[in-house]
Amino acid sequence: MQKIFIITGTRKGIGKKLSEHYLSLGHIVCGCSRGKGSIEHKNYRHFELDVSDEEKVVTMVRAVRKEFFRIDVLLNNAGIASMNHTLTTPYKSVHSIFNTNFFGSFLFTREVAKVMSSAYKKGYKNTKTMPFRIVNFATVATPLRLEGEAVYAASKAALVNFTQVCAKELAPMGISINAVDPTPVPTDLIKNVPQDKLQLLLNQQAIKRFGEFEDVLNVIEFFLNERSAFITGQVLYLGGVNA
């Protein structure tokens with residue numbers, strides 16, 4: 001069955017790869033980024049926006065609903081990182097990180113869940129199924145309490161708690177919401193992080209290697225699988241990291 005996906009941060013990195021993966025399976029993908037899209041496909045729709053811009057997020061979600069009548073999956077992938085000691089972190093950077101990592105995920109979750117809830121009431125209300133799925137992207141930097149990433153880890157910690165509370169609020173609407181917490185994956189997100197800092201992080205993992213796209217995809221596929229309908233409010237850390 002063809003599904004309608006919204007994936008944030010699709011111009012490059014994991015977001016782009018996720019989009020290409022689900023497009024290859026015949027699904028519809030509606031993506032966004034601050035810049036122009038980098039995916040050319042008949043089933044792809046691109047929206048140029050900042051995920052923390054409430055008006056534009058609302059406009060995008062309404063446009064997707066108007067064209068496709070429903071939204072089945074939301075992947076809140078968009079995120080930014082900044083590595084600084086707390087005493088040298090500009091206040092502007094704190095705003096920027098929380099705007100993208102937490103407020104952006106909040107806005108998309110709120111607006112997409114409205115669409116999902118409406119569809120659930122119309123066609124699924126008297127069933128036990130959980131037809132709609134949301135997956136948020138957190139980080140192992142939070143449980144590892146990495147020095148230099150206090151603000152980034154805090155923004156993702158907020159997202160983890162948000163995910164767990166939303167699981168209770170959204171379950172009656174047929175929506176499961178979970179989070180994947182990747183270890184460092186070689187993308188632009190970590191390109192400016194010193195190698196010695198990355199190695200320090202890897203040394204704290206049970207499996208001491210960088211993550212790969214397939215590792216992240218495997219967790220997302222698990223959360224989206226129809227047989228995972230009884231799973232919500234969970235946070236899965238990769239690499240053998242414990243919360």
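Below, the structure is looked at part by part. The shown structure was predicted, so the numbers you read here are calculated from the model rather than taken from an experiment.

Turning our attention to the pattern of salt bridges. What the rule picks out here adds up to six salt bridges. One salt bridge connects Asp50 with Arg34, and the closest N-O pair in it is separated by 3.4 Å. You can see Asp50 sitting in the loop between β3 (44-48) and α2 (54-68) and its partner Arg34 sitting in the loop between β2 (28-33) and β3, a full 16 residues away along the chain. Here Asp50 falls in the partly exposed class, since its relative accessible area comes to 27%. Residue Glu111 pairs with Lys114 through a salt bridge whose shortest N-O separation is 3.1 Å. One end of the pair, Glu111, and the other, Lys114, are both in helix α3 (residues 91-123), three residues apart, so they sit about a helical turn from each other. One connected set of salt bridges, linked through shared partners, spans Glu54, Arg110, Glu111 and Lys114.

Turning our eyes to something else, we now look at the nonpolar core. Residues Ile6, Met60, Val61, Val64, Ile71, Phe108 and Val112 are the most contacted members of the largest nonpolar core, which totals 33 residues. At the level of secondary structure, the elements contributing two or more residues to this core comprise β1 (4-8), β2, α2, α3, β5 (132-137), α5 (150-170) and β6 (175-181). Residue contributions to this core peak at nine residues, all from α3. Here Val64 is in contact with Ile4, Ile6, Cys30, Phe47, Phe69 and Ile71, once residues within four sequence places are set aside.

Moving on to the state of the cysteines. Here the structure, examined in full by the defined rule, presents zero disulfides. Between Cys30, a cysteine without a disulfide, and Cys32, which holds the nearest cysteine sulfur, the sulfur-to-sulfur distance is 9.9 Å.

What follows covers the packing of aromatic side chains. The full count for this structure, using the stated rule, is five aromatic pairs. Ring plane angle 25° and centroid distance 4.3 Å describe the contact between Phe5 and Tyr22, whose orientation is recorded as stacked. Of this pair, Phe5 sits in strand β1 while Tyr22 sits in helix α1 (residues 13-24), placing them 17 residues apart in sequence. Judged by relative accessible area, which is 2%, Phe5 ranks as buried. Both rings, one in Phe102 and one in Phe103, keep their centres 5.5 Å apart while their planes meet at 70°; by these two values the pair is edge-to-face. A residue is classified by how much of its surface remains accessible, and Phe103, at 37% relative accessible area, is partly exposed. Of the aromatic side chains, those joined through ring pairs into one cluster are Phe102, Phe103, Phe106 and Phe162.

Turning our eyes to something else, we now look at the packing of α3 against α5. Their axes nearest at 8 Å, the elements α3 and α5 cross at an angle of 15°. The angle between α3 and α5 falls in the class roughly parallel. As for how α3 packs across α5, the hand of that crossing is right-handed. Contacts between α3 and α5 pair Val94, Ile97, Phe98, Asn101, Phe102, Ser105, Phe106, Thr109 and Ala113 from the former with Val151, Tyr152, Ala154, Ser155, Lys156, Ala158, Leu159, Phe162 and Leu170 from the latter. A per-class count over the contact of α3 with α5 returns 13 nonpolar, four polar and one charged.

A separate point is the environment of Lys36. Along the polypeptide, Lys36 turns up in the loop between β2 and β3. The exposure class assigned to Lys36 is exposed, which follows from its relative accessible area of 64%. Linking Lys36 and Asp72, residues 36 residues apart in sequence, is a C-alpha distance of 24 Å. In contact with Lys36, not counting residues within four places along its chain, are Arg11, His46 and Glu48.

Attention shifts here to the sheet that holds β2. Here we have seven strands laid out as an open sheet, ordered β3-β2-β1-β4-β5-β6-β7, and parallel in their pairing. Lying at the two open borders of the sheet, with one neighbouring strand each, are β3 and β7 (235-237). Averaged over all pairs of adjacent strands, the angle between strand axes in this sheet comes to 15°, irrespective of strand direction. Where α1 meets the sheet, it contacts β1, β2, β3, β4 (73-76) and β5, and its direction lies at approximately 165° from that of β1.

Definitions and cut-offs
- Residues numbered from 1 in each chain as written.
- Predicted model: local features only at pLDDT ≥ 70, side-chain atom pairs only at ≥ 80, totals over all residues.
- Heavy atoms only, no water.
- Salt bridge = Lys/Arg side-chain N within 4 Å of Asp/Glu carboxyl O.
- Helix = DSSP H or I, 4+ residues; strand = E, 2+ residues; numbered from the N terminus.
- Buried < 20%, exposed > 50% of the residue type's maximum accessible area, 1.4 Å probe, protein only.
- Core = buried A, V, L, I, M, F, W, Y, C linked by side-chain atoms within 4.5 Å.
- Contact = heavy atoms within 4.5 Å.
- Disulfide = S-S within 2.5 Å.
- Phe/Tyr/Trp six-rings, centres within 6.5 Å; stacked < 30°, edge-to-face > 60°.
- Axes fitted to C-alpha atoms, helices over the stretch in contact; angles between N-to-C directions.
- Parallel < 35°, antiparallel > 145°, perpendicular 65-115°, else oblique.
- Left-handed = near helix turned anticlockwise from the far one by under 90°.
- Nonpolar A, V, L, I, M, F, W, Y, C, P; charged D, E, K, R; others polar.
- Pairing = 2+ DSSP bridges.

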